[in-house]
Amino acid sequence: MAKNILIVDDAPNIVLSLEFLMKKEGYAVQSVGNGEEAMRVIADKAPDLILLDVMMPRKDGYEVCQELRANPDWQNIKIIMLTAKGRDVEREKGLALGANDYITKPFATQELVEKVKSLLG
Amino acid sequence: MAEAKQCATDTDSLQEVDSEILLQTLLQELKDGVIVCNHEAKIVIFNQAAADLFDQDNKLLSKGTSLFRLCHQAPVKHALDLLHYQMQEIKNNSKHNPSLQFINEATNQKKFFSCRMSILPSKVAHKHFIVIIFEDVSTWYRPDNLLFKKIDEFRAPMTNLRAAVESLTEHPEMSPVMRSAFENVLVQESLTLSETFDSLDHACNLFMQSQSHLTEIKSDILFGFIANHFRSSEIRFTAPKYFSVDLKVDSYGLILVLDHLADKIQRKRKPAELLCEIHTGKRFVYFDFIWQGEFIPTAVVQTMLEDKILNSVGELSMAVILHSMGGDIWSKKHDKAKSTLRLALPLAKKV
């Protein structure tokens, strides 16, 4: 059965590319545009991996990440944070709040695909 | 050998020159503003560059007047306290007096200065002199100025990219050859944009790291000074004692931020005891505020970053002060209802 990926990003252009790339790799993909919607979708059905933007309206990526890690049921969800914030300390912050990996925009699409594959085994 | 001998003779001759004339001559040759004050912050000597910087028409700068008529007192007092502490700590280990870099604002709020301050000890106890070198940094100190300078680099590739995209979408009937050409433009311009962005990112990081309001300081000195600062408060403070690393910080801004965070935690959570533990990692130092009780959610921490920091130079937000040092804050919940608010600062990068 195809693994599930949830894309959480408020920028439609990047969502379009991410959906295309993930579907091409054979994953089942769902997308939402903010952190609150993401929490609702996850509560309904937890995905295997989340591609999580940091800067979003109505609950940012850091908040989503911390809420997920506070719930024992969601410990196994893999999280890759996608962010326009490129400083070392923000990577440190993302990982400290529970992300499995952290990619800074702009990124090479192949690098992202490899990270997803690696995390989903 | 002969050259060394001649040099020694010249040095002897120089000592015969009136020291005040020598000092005045040297000062006038410097491009940066230099002011020397006595222990009461009364101006003793200044050079022409300092007079130009502080708008001599207003006659604010003259011998015997207070330095604090020209620039704000709190950053100078902080720098003075930290320098005194530093001199006490290293008195037997260094031949040179330490200096400290910080930012200050003219009292008329027209200019920002990067200041380098040193203390000249006197033979008479507590009658030291302070030397401050002022550099006008008004053009870049405000974070918004940087963006205006760099943003133009993005205009050409953005324009080319947009034109290509609009041509492709608005003229679907174009020939395959033309289509291919426009697609090549998309590829090339995307690459150019990525590279331009990377160079901007790199330049910004270097710029922020080298900004002259950050002072280089050994971590043991800074931690000891912060421990002293918190001594009169109810916060219990612990720091590594036998291990020191190089840091590049805005020490005045950092103290204000630590005070602000401690105050916020005490107001929001009213802990029975608040601990501040410092840890040194491979790439960062961490200031951990720890208490028993409910933690502060990330959503609240993110809004705290926008708090204006009282008495900061230029009325900056916590985010601006922290980000200028490459730092950030976040919170963590632990077992046994223990909570942490962590402030991380990068170690100084070796240039």
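Conventions we followed
- Residues numbered from 1 in each chain as written.
- Chains lettered and ligands numbered in written order.
- Predicted model: local features only at pLDDT ≥ 70, side-chain atom pairs only at ≥ 80, totals over all residues.
- Heavy atoms only, no water.
- Contact = heavy atoms within 4.5 Å.
- Buried area = accessible area lost by both parts, 1.4 Å probe.
- Salt bridge = Lys/Arg side-chain N within 4 Å of Asp/Glu carboxyl O.
- Polar contact = N/O pair within 3.5 Å; in protein donor to acceptor, adjacent residues only side chain to side chain.
- Pairing = 2+ DSSP bridges.
- Helix = DSSP H or I, 4+ residues; strand = E, 2+ residues; numbered from the N terminus.
- Axes fitted to C-alpha atoms, helices over the stretch in contact; angles between N-to-C directions.
- 1 Å grid on protein atoms, 1.4 Å probe; cavity = no way out; pocket = protein on both sides within 12 Å on 5 of 7 lines; lining within 4 Å.
- Points joined across faces, edges and corners; volume = space filled by probe spheres on them.
- Nonpolar A, V, L, I, M, F, W, Y, C, P; charged D, E, K, R; others polar.

Trainee: Describe in detail the interface of chain B and chain A, supporting the description with residues and values.
Mentor: Taken together, the contacts link 22 residues of chain B with 14 residues of chain A. Carbon and sulfur atoms make up 52% of the area that chain B and chain A hide from each other, which totals about 1600 Å². A per-residue breakdown of the area chain B buries against chain A is headed by T298(B), Q302(B) and W330(B), which together make up 31% of the total. Seen at the junction of chain B and chain A, the total is two salt bridges. Here K93(A) ties to D328(B) by a salt bridge, and the two come within 3.2 Å at their closest N and O atoms. Our count for the chain B to chain A interface comes out at eight residue pairs in polar contact (both at pLDDT 80 or more).

Trainee: Which residues make up the sheet that holds strand 7 (residues 235–238) of chain B, and what values go with them?
Mentor: Residues and elements named next belong to chain B. Taken in spatial order, the five strands line up as 7-9-10-12-11 in an open sheet, and their pairing is mixed. Two strands lie at the open edges of the sheet, namely strand 7 and strand 11 (328–333), each paired on one side alone. On average, each strand axis in the sheet is inclined to that of its neighbour by 20 degrees, with strand direction left out of account. The pairing of strand 11 with strand 12 (residues 338–346) spans six bridges and is classified as antiparallel. Note on strand 12: the bridge partner recorded for K332 is T340. Of the strands in this sheet, strand 7, strand 9 (274–280) and strand 10 (284–292) touch helix 8 (residues 219–231), which is tilted by about 165 degrees from strand 7.

Trainee: So what's going on with the sheet that holds strand 5 (residues 129–136) of chain B? Which residues, and what values?
Mentor: All names here are of chain B. Strand order in the open sheet formed by five strands is 2-1-5-4-3, with antiparallel pairing between adjacent strands. Each edge of the sheet is formed by a strand with only one pairing partner; in this case those strands are strand 2 (43–46) and strand 3 (99–105). Taken pair by pair, the neighbouring strands of this sheet meet at an average axis angle of 25 degrees, ignoring direction. Contacts from helix 2 (residues 19–29) reach strand 1 (33–37) and strand 2, with the element oriented near 65 degrees to strand 2.

Trainee: Describe empty space enclosed by the protein, and please don't skip the residues or the numbers.
Mentor: For the structure on display, the rule yields one cavity of 30 Å³ or more. In terms of residue class, the lining of the largest cavity is made up of six nonpolar, two polar and one charged.

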